[in-house]
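Fold and contact review
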Amino acid sequence: MVVILQFRTPVVDSEFGEALRVQDGASIELETLVPSGRRSIPFFWIYAAPPEPIVDSLSGHGSVERVEIVDRIADATLVAIEWRPESDTVFQDIEVCDGQILRAVCQDDHWEFSVRFPDHENLSAFRERCERDDVAVHVHRIYHGTDPGDDPRFGLTTLQREALALAVERGYYDIPRRCSTAELAAELGISSQAMTERLRRAVANLSRYTVLASRSTTDR
């Protein structure tokens, strides 16, 4: 049975995380992994202003072959990264144990992961490999993947959860609306465009983990 592991691991245990050099409140969020030949090219959102120090740090790292800026939206920058995942112990252990990364966020001094494994045997193998490789895994939750709505985070990143909670508290979704995205953005210290994008992504993730999950359960 499919099982999902939510865990945190220090950046120092991840070579890729060290290359990102995320600090001062910045964060990196995995957008998607796109298969390309034998490798998967990760697309990451960089929430930092300016993003150039992180991009430059990645470009100069030995395991990274190419970094391409795909899009910019205010203080959010989407980048595609061609790299050798086998050089990073955490990502390599996930791949070897047939794990599928559902969520990966790097901020401050740690990674936060949600990884789907095909069964408990693969999950156990992953934890054994991490122990062998001296990778500290701090487990937040383990649950079966048959009901995504059981996830208390509902697929939201910390930044998305913060933005959505603030919008609800300030009456952004009330009728009539009691505040604007500009006012919400000012409270968080980001641009109005970035706030709009963050809310859009939060609502999309929330819908996938609630409305769509409930529909698929009903259909069964």
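Coordinates for the structure precede this section.
Structural notes, computed from the coordinates. The structure presented is a predicted model; accordingly, all values stated were derived computationally and were not measured.

Remarks on the pattern of salt bridges
Summed over the entire model, instances satisfying the criterion amount to 12 salt bridges. A salt bridge links Arg 132 to Asp 133; the nearest nitrogen and oxygen atoms lie 2.9 Å apart. Residues participating in the shared-partner salt-bridge network are Arg 8, Arg 103 and Glu 112.

Quick notes on the pairing of strand β1 (residues 3–10)
Of all 8 residues making up β1, 6 are buried, and the element is well covered by its neighbours. Where β1 meets strand β7 (residues 110–117), 8 bridges bridge the pair, whose relative direction is antiparallel. Residue pairing for β7: Ile 4 is matched across the bridge by Arg 116.

Notes on the nonpolar core
Counting residues in each nonpolar core, the largest one holds 36 residues, and the members touching the most others are Phe 16, Leu 58, Trp 111 and Phe 113. For this core, the leading source of residues is β7, giving 4 residues. Not counting chain neighbours up to four residues away, the residues in contact with Phe 16 comprise Phe 44, Leu 58, Val 64, Ile 81, Trp 83, Asp 88, Phe 91 and Trp 111. Within the second largest apolar cluster, 14 residues are counted, among which are Ile 190, Met 195, Leu 199 and Ala 202.

Examining the side chain of Thr 181
Note that Thr 181 resides in helix α6 (residues 181–188). Apart from the residues lying within four places of it in its own chain, the contact partners of Thr 181 are Tyr 172, Ser 192, Met 195 and Thr 196.

Examining helix α2 (residues 52–59)
Along an α-helix, a turn takes 3.6 residues, which lines up residues three or four apart on a common side. Within α2, the full set of buried residues consists of Ile 54, Val 55, Ser 57 and Leu 58. Down the axis of α2, the sector holding all buried residues measures 160°, keeping them to one side. Exposed residues on α2 whose side chains face more than 90 degrees from its buried face are Pro 53 and Asp 56.

Structural notes on unusual backbone geometry
Residue Pro 176 is bonded to the preceding Ile 175 through a cis peptide linkage, with omega at 0°. Looking at the element boundaries, Pro 176 is found in the loop between α5 (158–169) and α6. In the Ramachandran plot, Asp 98 falls in the positive-phi region, its phi being about 60° despite a non-glycine side chain. The phi torsion at Asp 134 lies on the positive side, around 60°, for a residue other than glycine. Here Asp 134 is to be found in the loop between α4 (120–132) and β8 (138–144). Exposure remark for Asp 134: the relative accessible area of 65% places this residue in the exposed category.

Quick notes on the rules
Residues numbered from 1 in each chain as written. Predicted model: local features only at pLDDT ≥ 70, side-chain atom pairs only at ≥ 80, totals over all residues. Heavy atoms only, no water. Salt bridge = Lys/Arg side-chain N within 4 Å of Asp/Glu carboxyl O. Buried < 20%, exposed > 50% of the residue type's maximum accessible area, 1.4 Å probe, protein only. Helix = DSSP H or I, 4+ residues; strand = E, 2+ residues; numbered from the N terminus. Pairing = 2+ DSSP bridges. Core = buried A, V, L, I, M, F, W, Y, C linked by side-chain atoms within 4.5 Å. Contact = heavy atoms within 4.5 Å. Arc of directions from axis to C-beta.

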